[in-house]
Amino acid sequence: MTAFDELVAQLDPAMAVVTTASGNERAGCLIGFHAQCSIEPRRYAVWLSKANHTYRVALHADYLAVHFLAQGDLEVARLFGTVSGDRVDKFSQCAWDAGPGGVPLLVSCPNRFVARRVSMLDEGSDHACFVVEPMEAWTAGDLQPLRLSRAKVLDPGHEAQDRPAPETLRAD
Ligand SMILES: Cc1cc2nc3c(=O)[nH]c(=O)nc-3n(C[C@H](O)[C@H](O)[C@H](O)COP(=O)(O)O)c2cc1C
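This report concerns the structure included in the present document. (Residues numbered from 1 in each chain as written. Predicted model: local features only at pLDDT ≥ 70, side-chain atom pairs only at ≥ 80, totals over all residues.)

### What to know about the pairing of strand β3 (residues 34–38)
Here comes step 1: Sheet topology places β3 next to strand β4 (residues 43–49); four bridges connect them, and they run antiparallel. From the neighbouring strand, His34 faces β4, where its bridge partner is Val46. (Pairing = 2+ DSSP bridges. Helix = DSSP H or I, 4+ residues; strand = E, 2+ residues; numbered from the N terminus.)

### Notes on helix α3 (residues 74–82)
Spacing of three or four residues puts side chains on the same side of an α-helix, whose turn is 3.6 residues.
Here comes step 1: Of all the residues in α3, the buried ones are Val76, Leu79, Phe80 and Gly81.
Here comes step 2: Looking at the buried residues of α3, the elements they touch are β1 (16–22), β2 (25–31) and α4 (148–151). (Buried ≥ 20, exposed ≤ 12 C-beta atoms within 10 Å, placed from the backbone. Contact = placed C-beta atoms within 7 Å.)

### Quick look at the sheet that holds strand β8 (residues 112–121)
Here comes step 1: Strand order in this open sheet of seven strands is β2-β1-β5-β8-β9-β4-β3, and the pairing throughout is antiparallel. Each edge of the sheet is formed by a strand with only one pairing partner; in this case those strands are β2 and β3. This sheet shows a mean twist of 35 degrees between the axes of neighbouring strands, independent of strand direction.
Here comes step 2: Here strand β5 (residues 63–68) pairs with β8 via five bridges, running antiparallel. When the sheet's bridge partners are listed, Tyr63 is paired in β8 with Arg116.
Here comes step 3: Across the sheet, α3 is in contact with β1 and β2; its angle to β2 comes to roughly 115 degrees. (Axes fitted to C-alpha atoms, helices over the stretch in contact; angles between N-to-C directions.)

### Points about the site of the ligand
Here comes step 1: Lining the immediate environment of the ligand, one finds 25 residues, of which Asn52, Thr54, Ser84, Gly85 and Gly157 sit closest.
Here comes step 2: Contributions of two or more residues to the shell around the ligand are made by β2, β4, α2 (53–58), α3 and α4.
Here comes step 3: The biggest single contributor to the shell around the ligand is β2, with four residues.
Here comes step 4: Of the residues assigned to the shell around the ligand, the class counts are 12 nonpolar, 11 polar and two charged. (Near = placed C-beta within 6 Å. Nonpolar A, V, L, I, M, F, W, Y, C, P; charged D, E, K, R; others polar.)

### As for the pairing of β5
Here comes step 1: Burial of β5 is extensive: six of the six residues sit out of reach of the surface.
Here comes step 2: Burial along β5 is two-sided: the face carrying Tyr63, Ala65 and His67 and the face carrying Leu64, Val66 and Phe68 are both buried.
Here comes step 3: Pairing of β1 with β5, which is carried by five bridges, proceeds in the antiparallel orientation. Counterpart to Val18 in the pairing with β5 is Val66.

### Description of unusual backbone geometry
Here comes step 1: Here the bond from Glu40 into Pro41 is cis, since omega is 5 degrees, no more than 30 degrees from zero.
Here comes step 2: By secondary structure assignment, the location of Pro41 is in the loop between β3 and β4.
Here comes step 3: Its identity is not glycine, yet Asp12 carries a phi of approximately 50 degrees, on the positive side.
Here comes step 4: The exposure class assigned to Asp12 is partly exposed, which follows from the 15 C-beta atoms found within 10 Å.

So, in structure tokens, the structure goes:
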């Protein structure tokens, strides 16, 4: 499907970090698969790889936060996109505040919204779609997004086909 891959790559999507929490467990990863998907009521969809720690925490979470990255946020993208919460506590390496249900709100990413999870669609592919209802949003104004064309230098912490072995997962 080379032509398809070339076609969609030209859309050069804006990058975001989605965070979530369930119980005492926090998670977050870099995403390129996300979009508004309803106007009234407002809905937003994020697609999470089933390989990711974030997906597994999101399955049990009530709230997600979506942080839109600016052009200067490549290091945030590196933290959330190249290492996995299966092995590293990303939230010990960045400043965050606890939002509803403990969902981490990244202090360095002021263009963000927090949302309630309303549904999840798993149609058998390697990503699952989480549909959320925005509750509160913040904007710092003139957002110049970090786009895939810059973020593609990063190697994902998990490839989409990964299924981590239990003995490699963090014990805490
Ligand atoms: C450029 C780029 C785009 C990515 N897009 C997505 C995405 O849309 N959805 C997703 O679940 N993971 C995506 N990833 C992969 C995760 O961000 C990455 O595997 C991360 O380390 C997973 O962390 P976790 O295991 O702590 O959730 C992307 C990674 C990169 C580098």
